[in-house]
Amino acid sequence: MSFRIIVLAKQVPDTRNVGKNAMKADGTVNRAALPAIFNPEDLNALEMALKIKDQLADCEVIVLTMGPFRAAEIIREAMYRGADRGYLITDRKFAGSDTLATSYAISLAVKKLAPYHLVISGRQAIDGDTAQVGPQTAEKLQLPQITYAEDIIEVDKKHIVVKRRLEHGTETVKAPLPVAITVHSSAPACRQRIAKLLMKFKHARTVTELQDETKDYTELYTQRPYLQIDEWTADDLHADVGMLGLSGSPTKVKKIENVVFAHKDSKVISAADEDIENLMKELMASHVIG
Amino acid sequence: MYNHLMPVNVNNIFVYCEVTDDKTIADVSLELLSKGRKLANDLGVKLEAIVIGNELAGVEKELYTYGVDVIHMAEDDRLYPYTTLPHTALVLNIFNAEKPEIALFGATSIGRDIAPRIASAMRCGLTADCTSLEIGDHFENKTQTEYKNLLYQIRPAFGGNIIATIINPETRPQMATVREGVMKKEIYDAKFKGKVKKIAVNSVLKDEDFCVQIIDRHIEASKINIKNAQVIIAGGYGVGSRENFQLLYELADVLGAQVGASRAAVDAGFSEHERQIGQTGITVRPKLYIACGISGAVQHRAGMDQSAQIISINSDINAPINQIADYAIIGNITDVIPKMIKYYKANSK
């Protein structure tokens, strides 16, 4: 049996580059104005998986993502960097899922991919920063968890030794496999795309994407079945619909408020010598500094 | 003293307390106890603390002063340092028996490891990195149901452009994590006395709970002490480079201040993560906060808007930070900071 690593990845709006047009007039977020990217720490997670694949003979890296149809983009991106295949969990029934409902759906998909040795994800996604889905998925799979992984020290078919990044230091832990790992941003950055893999996987598509293609891919896909990115719906996962989406999410958004800045009576001054000197004089006189 | 119409089935508030290497209770946990005590008074319920570790004798004395009615204490040499599975099993054991109304955790490497695991096992809602917690009601239009005395879990969301109030109407406990420094640590009553409930650790834990072993540990006391600094010079993305950040260090040196950073500056590699101020970093309340090249996203403001005095240095007069600044200096930091240093050096004794 080959060593199987499942990487959990998410496509996220790039909240780090929120521009002025990111908010609509009614105060809601204009997702269309934000580019969709591979969640940064999930790239660290992918690298960790690929590094293990480099070390072990007979190891496969499978990328699993949940999201709308276009989230298949990050599966292809992962393939270009070294992932063997990917699955997209997508269904309208997942809409509105909080972290609990999300981890339920993901855990069902991971179970479908058993037997596996490692489930690796980024510590958190930049659109929510909750860092909850990794541990919650681990709990649903009844796996031990290693959070904030920075480096793999040792791995074989039975055990893994991982260095973790904590607030004020590091900790090295040894765990039996299978285990769930979440990866910290201080872990090595992901390798770039590899030209050979880009050529190999550039026609990889989901069934939904193939329907939108004008070209006929039937023959190509018969010759190269690895190009198929599978889509799994709630039915494919035999999910309890009550545990998905809004109904499966115990957290509800009661209220969303636009941020209103409490205006202070700000004094605007220039960078001229005199202005700076007067300000410094005042700060020193009131003993705020000095 | 409490509203008689209040449902009688409101349960107690629990705080998971972290233990430090010095066998004291972590500041973030004491802050949560202070907040928990207020919420418990609002609801007319008890405040309970969970302490798991080894050599815990004596911690109850400090905990009582924060108004803790009941301390659930689990002591065993295998329980320190923290590992996920045994701590989770012990907390779940308590929660399943006591059915907390609210459960609070520090948004620390420990709290963010254990809280989601517990929420998943109990199938209840969890809100990360709350900046405010309040008690309030909710009317659900869809089901025409009125919910009394819910925990409002308030946090900035989506790049700081919005503030969201999250509730968990149906599930218990209502769980939240809060960063260190967000709540205020306040002694409730120096003479307050609660009681300790010891947990029979061996009856709860199995050998498999210890399958993850710590084989090495390097914890350093942080050299960076922003949280308690009186004056903070903080830089944002607008500082422009790691080199320009040196100017902030120079000014901090001269003023005896600490250097902080916005998340954008940390993400850009201008500053280390330990200096990040804001919702997902440290919350500070200095006498003076000098924001250099910081635009002022809500997440950042959540970590500094209680500063006594704020000075902004920004080339953009429309930067949101200027609206909460006492003084907004419109200019470049490479121009302004050297002038500040020069004046201070020339005029300080």
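Everything quoted here is computed from the prediction, not taken from an experiment.

S.K.: Looking at this model, I keep getting lost on the sheet that holds strand β14 (residues 288-292) of chain B. Mind explaining?
M.R.: Picture the strands of a sheet paired through backbone hydrogen bonds; they go either parallel or antiparallel. Across the sheet, which stays open at both edges, the 6 strands sit in the order β14(A)-β16(B)-β15(B)-β14(B)-β12(B)-β13(B) with parallel pairing between neighbours. Single-partner strands in this sheet number two, and they are β14 (267-270) of chain A together with β13 (258-261) of chain B. Direction aside, the axes of adjacent strands within the sheet are offset by 20° on average. Taken strand by strand, helix α6 (residues 242-255) of chain B contacts β12 (231-235), β13 and β14 of chain B, and its axis lies near 175° from that of β12 of chain B.

S.K.: Could you clarify how one ought to interpret helix α4 (residues 111-122) of chain B in this entry?
M.R.: Residues spaced three or four apart along an α-helix face the same direction, because each turn holds 3.6 residues. Residues and elements named next belong to chain B. Between its first and last C-alpha atoms α4 spans 16 Å; for 12 residues at 1.5 Å apiece the expected length is 16 Å, and the two agree. Buried residues dominate α4, accounting for 11 of its 12 residues. Those residues of α4 lying buried are Gly111, Arg112, Asp113, Ile114, Ala115, Pro116, Arg117, Ile118, Ala119, Ser120 and Met122. Positive backbone phi, approximately 50°, marks Arg123, located one or two places after α4.

S.K.: I keep staring at the interface of chain B and chain A and nothing clicks. Help me out?
M.R.: Size of an interface, as often reported, equals the accessible area lost when the parts are brought together. Contact residues are listed per partner, giving 73 residues for chain B and 65 residues for chain A. When residues of the side of chain B that touches chain A are traced back to their parent elements, those giving at least two are α3 (84-98), α4, β5 (126-127), β8 (162-167), β11 (213-219), α9 (321-324), β16 (327-330) and α10 (333-347) of chain B. Grouping the constituent residues of the side of chain B that touches chain A by class yields 37 nonpolar, 22 polar and 14 charged. In this sheet, β16 of chain B lies alongside β14 of chain A in parallel orientation, the contact comprising 4 bridges. Note that in β16 of chain B the partner of Lys267 of chain A across the bridge is Tyr327 of chain B.

S.K.: Hey, could you run me through α3 of chain B in this one?
M.R.: All names here are of chain B. Compared with an ideal rise of 1.5 Å per residue, which puts 15 residues at 21 Å, α3 spans 21 Å between its outermost C-alpha atoms and is within 8% of the ideal. Those residues of α3 not exposed but buried are Thr84, Pro86, His87, Thr88, Leu90, Val91, Ile94 and Phe95. Backbone geometry just downstream of α3 places Lys99 in the positive-phi region, at approximately 50°.

S.K.: What am I meant to see in the domain arrangement of chain B here?
M.R.: Residue and element names in this part refer to chain B. Split into domains, chain B comes out as domain 1 (13-210) and domain 2 (231-347). Between the C-alpha centres of domain 1 and domain 2 the distance comes to 33 Å. Classifying every residue of the side of domain 1 that touches domain 2 gives 3 nonpolar, 4 polar and 2 charged.

S.K.: How should the sheet that holds β8 of chain B be read in this particular structure?
M.R.: Reading across the sheet, the 4 strands line up as β13(A)-β8(B)-β7(B)-β6(B) and stay open at both edges, with antiparallel pairing between neighbours. Looking along the sheet, the strands with just one partner apiece sit at the ends: β13 (252-258) of chain A together with β6 (132-140) of chain B. Neighbouring strand axes in the sheet, compared pairwise and without regard to direction, differ in orientation by 35° on average. Here β13 of chain A runs beside β8 of chain B; their pairing, made up of 6 bridges, is antiparallel. Looking at β8 of chain B, one finds that Val253 of chain A is bridged to Ile166 of chain B. In this fold helix α1 (residues 27-43) of chain B packs onto β6 and β7 (145-157) of chain B, with an angle of close to 35° to the strand it touches most, β6 of chain B.

S.K.: I'm lost on the pairing of strand β9 (residues 169-176) of chain A in this one. Help?
M.R.: A regular strand carries its side chains on alternate faces of the sheet. The pairing of strand β8 (residues 159-166) of chain A with β9 of chain A spans 8 bridges and is antiparallel. Its bridge partner being in β9 of chain A, Arg165 of chain A is matched across the sheet by Thr170 of chain A. A loop of 2 residues connects β8 of chain A with β9 of chain A, the two strands running antiparallel in sequence. Examined bridge by bridge, β9 of chain A and β11 of chain B share 6 bridges and lie antiparallel to one another. Looking across to β11 of chain B, one finds that Thr170 of chain A is bridged to His218 of chain B.

S.K.: Explain unusual backbone geometry to me, please; I cannot follow it from the model alone.
M.R.: It is generally the case that most residues other than glycine have a negative phi and that most peptide bonds are trans. Residue and element names in this part refer to chain A. In this structure, the amide linkage connecting Ala114 to the following residue, Pro115, adopts the cis form with an omega of 0°. Of note, Pro115 is situated in the loop between α3 (99-112) and β6 (118-122). With omega at -5°, the peptide bond leading from Leu177 into Pro178 counts as cis. Along the polypeptide, Pro178 turns up in the loop between β9 and β10 (179-183). Not every positive phi belongs to a glycine, and Tyr148 is a case in point at roughly 55°. Tracing the sequence through the fold places Tyr148 in strand β7 (residues 145-155).

S.K.: Even after reading the chapter, I still don't get the nonpolar core, so can you show me in this structure?
M.R.: Side chains that are nonpolar tend, in soluble globular proteins, to be buried together. In this structure, Val7, Leu46, Leu64, Ala105 and Ile120 of chain A together with Val51 of chain B are the most contacted members of the largest nonpolar core, which totals 138 residues. With 8 residues, the single largest contributor to this core is α3 of chain A. Three or more residues apiece are contributed to this core by two domains, here domain 1 (13-210) and domain 2 (231-347) of chain B. In contact with Val7 of chain A, other than residues within four places in its own chain, are Ala45, Leu46, Ala49, Val61, Ile62, Val63, Leu64, Ala78, Ala83, Ile120 and Ser121 of chain A. Within the second largest apolar cluster, 48 residues are counted, among which are Phe245, Ile282, Tyr289 and Met304 of chain B.

S.K.: Even after reading the chapter, I still don't get the packing of helix α8 (residues 273-285) of chain A against α10 of chain B, so can you show me in this structure?
M.R.: Relative orientation and spacing of two packed helices are given, respectively, by the angle between their axes and the distance between those axes. Two numbers describe how α8 of chain A lies on α10 of chain B: the axes approach to 10 Å, and their chain directions differ by 50°. Considering their axes alone, α8 of chain A and α10 of chain B lie oblique with respect to each other. Helix-helix and strand crossings are classified by hand; for α8 of chain A and α10 of chain B the assignment is right-handed. Each of Asp273, Ile276, Glu277, Met280 and Met284 of chain A in α8 of chain A lies in contact with α10 of chain B, whose residues at this interface are Val336, Lys339, Met340, Tyr343, Tyr344 and Asn347 of chain B. Class assignment for the residues of the contact of α8 of chain A with α10 of chain B results in 7 nonpolar, 1 polar and 3 charged.

Calculation notes
- Residues numbered from 1 in each chain as written.
- Chains lettered and ligands numbered in written order.
- Predicted model: local features only at pLDDT ≥ 70, side-chain atom pairs only at ≥ 80, totals over all residues.
- Pairing = 2+ DSSP bridges.
- Helix = DSSP H or I, 4+ residues; strand = E, 2+ residues; numbered from the N terminus.
- Axes fitted to C-alpha atoms, helices over the stretch in contact; angles between N-to-C directions.
- Contact = placed C-beta atoms within 7 Å.
- Expected span 1.5 Å × (residues − 1).
- Buried ≥ 20, exposed ≤ 12 C-beta atoms within 10 Å, placed from the backbone.
- Nonpolar A, V, L, I, M, F, W, Y, C, P; charged D, E, K, R; others polar.
- Domains from an automatic or database assignment.
- Core = buried A, V, L, I, M, F, W, Y, C linked by C-beta atoms within 7 Å.
- Parallel < 35°, antiparallel > 145°, perpendicular 65-115°, else oblique.
- Left-handed = near helix turned anticlockwise from the far one by under 90°.

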